[in-house]
Amino acid sequence: AQSVTQPDIHITVSEGASLELRCNYSYGATPYLFWYVQSPGQGLQLLLKYFSGDTLVQGIKGFEAEFKRSQSSFNLRKPSVHWSDAAEYFCAVGGVYGGSQGNLIFGKGTKLSVKP
Amino acid sequence: DGGITQSPKYLFRKEGQNVTLSCEQNLNHDAMYWYRQDPGQGLRLIYYSQIVNDFQKGDIAEGYSVSREKKESFPLTVTSAQKNPTAFYLCASSPRRVTGELFFGEGSRLTVL
């Protein structure tokens with residue numbers, strides 16, 4: 001079955017500290033992987049995406065993510081968190097499955113709080 | 001500016017009433033989607049449309065209906081048959097034959113009184 005797991009429901013970090021949000025997926029084909037961010041009461045904004053090639057991808061707002069096929073993971077990282085990064089983060093997987101383009105499957109999200 | 005516009009942002013409804021949420025996009029995208037978001041549940045797909053005059057059910061289509069008469073518009077009707085309609089609804093679009101990257105509207109929050 002196709003699925004996305006974000007093991008951490010809520011994470012709190014201090015401003016200036018590093019951040020890693022975990023994402024594991026199960027997908028029966030080569031996955032396309034995404035991280036989205038959502039501020040309270042708003043829509044989702046794409047942070048970064050992986051389709052193929054270099055397994056370390058850079059995104060907006062200083063975020064990066066690394067695709068590890070052997071671990072079925074796509075963890076999101078940021079070296080120094082800013083208070084404005086407080087939001088909810090969603091990992092998603094999609095791709096060509098069974099000969100057709102599949103819809104994105106989303107994880108349940110990780111809420112990030114930032115301490116001053 | 002190109003984007004997706006959802007309206008209304010907030011909507012209150014009495015039990016037993018149908019309500020329609022609007023979604024308009026000017027990105028010239030072929031595909032459009034409706035998601036429901038509940039706390040701790042992530043996003044669940046209600047309906048999607050890959051082309052005008054065609055749409056498919058997602059994972060939780062019961063109690064909802066859609067239409068796609070124009071490329072730019074994909075309204076969602078929450079019917080009285082939807083047992084628990086209070087939620088945050090998100091509309092999204094994507095270019096056809098691209099790898100599934102979605103562009104989202106700002107959402108509509110529906111509360112049933």
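Anything mentioned here points back to the structure above.
Residues numbered from 1 in each chain as written. Chains lettered and ligands numbered in written order. Predicted model: local features only at pLDDT ≥ 70, side-chain atom pairs only at ≥ 80, totals over all residues. Heavy atoms only, no water.

Caption draft 1: Region of interest: the overall build of chain B. Each helix and strand in chain B was counted, giving 0 helices and 11 strands. Listing every helix and strand of chain B by position from the N terminus yields β-β-β-β-β-β-β-β-β-β-β. Considered along the principal axes of its C-alpha atoms, chain B spans approximately 40 × 25 × 25 Å. For chain B, the residues scored as buried account for 50% of the 113 residues in total. In chain B, of all internal contacts separated by at least 6 residues, the share reaching a separation of at least 24 is 52%. Accessible area for chain B stands at about 5600 Å²; split by element, carbon and sulfur atoms hold 46% of it. Between the mean site of the 13 positive side-chain charges and the mean site of the 12 negative ones, chain B shows a separation of 4 Å. (Helix = DSSP H or I, 4+ residues; strand = E, 2+ residues; numbered from the N terminus. Buried < 20%, exposed > 50% of the residue type's maximum accessible area, 1.4 Å probe, protein only. Contact = heavy atoms within 4.5 Å. Areas by Shrake-Rupley, 256 points an atom, 1.4 Å probe, with all protein chains shown as cover. Lys, Arg positive; Asp, Glu negative; His and termini not counted. Charge placed at Lys NZ, Arg CZ, Asp CG, Glu CD.)

Caption draft 2: Looking closely at the packing of aromatic side chains. Residues and elements named next belong to chain B. All told, the structure shown has 16 aromatic pairs over all chains when counted by the stated rule. Centre to centre, the rings of Y35 and F104 are 6.1 Å apart; their planes meet at 45°, and the pair counts as tilted. With Y35 in strand β4 (residues 31-38) and F104 in strand β10 (residues 103-104), this residue pair connects regions lying 69 residues apart in the sequence. According to the relative accessible area criterion, Y35 is buried, its value standing at 1%. (Phe/Tyr/Trp six-rings, centres within 6.5 Å; stacked < 30°, edge-to-face > 60°.)

Caption draft 3: Just the pairing of strand β1 (residues 4-7) of chain B, in detail. Residue and element names in this part refer to chain B. The alternating pattern of β1 places I4 and Q6 on a buried face and T5 and S7 on a face that is not buried. Where β1 and strand β3 (residues 19-25) come together, 4 bridges link them in antiparallel fashion. By the bridge assignment, I4 is partnered in β3 with Q25. (Pairing = 2+ DSSP bridges.)

Caption draft 4: Representation of a nonpolar patch on the surface. Residue and element names in this part refer to chain B. On the surface, a cluster of nonpolar side chains totalling about 410 Å² of accessible area is made up of Y10, F12 and L113. Here F12 lies in strand β2 (residues 10-13). Looking at F12, the relative accessible area reads 57%, which means it is exposed. (Patch = residues over 30% accessible without salt bridge, like charges linked within 9 Å, V, L, I, M, F, W, Y side chains within 5 Å. Salt bridge = Lys/Arg side-chain N within 4 Å of Asp/Glu carboxyl O.)

Caption draft 5: Spotlight on the sheet that holds strand β7 (residues 64-66) of chain B. All names here are of chain B. Pairing in this open sheet of 4 strands is antiparallel, and the strands run β1-β3-β8-β7 from one edge to the other. Each edge of the sheet is formed by a strand with only one pairing partner; in this case those strands are β1 and β7. The mean inter-strand angle of the sheet, taken between neighbouring strand axes irrespective of direction, is 20°. (Axes fitted to C-alpha atoms, helices over the stretch in contact; angles between N-to-C directions.)

Caption draft 6: Region of the structure containing the interface of chain B and chain A. Counting residues at the interface gives 21 residues for chain B, matched by 18 residues for chain A. Roughly 1600 Å² is buried in total at the junction of chain B and chain A, and carbon and sulfur atoms are behind 52% of that figure. A salt bridge links B:E101 to A:K49; the shortest N-O distance between them is 2.6 Å. Across the chain B-chain A interface, the total number found is 4 residue pairs in polar contact (both at pLDDT 80 or more). Residue assignment for the side of chain B that touches chain A shows that the elements contributing at least two residues are β4, β5 (42-51) and β9 (87-94) of chain B. Tallying contributions element by element places β5(B) first for the side of chain B that touches chain A, with 5 residues. Looking at side-chain class alone, the side of chain B that touches chain A contains 10 nonpolar, 8 polar and 3 charged residues. (Buried area = accessible area lost by both parts, 1.4 Å probe. Polar contact = N/O pair within 3.5 Å; in protein donor to acceptor, adjacent residues only side chain to side chain. Nonpolar A, V, L, I, M, F, W, Y, C, P; charged D, E, K, R; others polar.)

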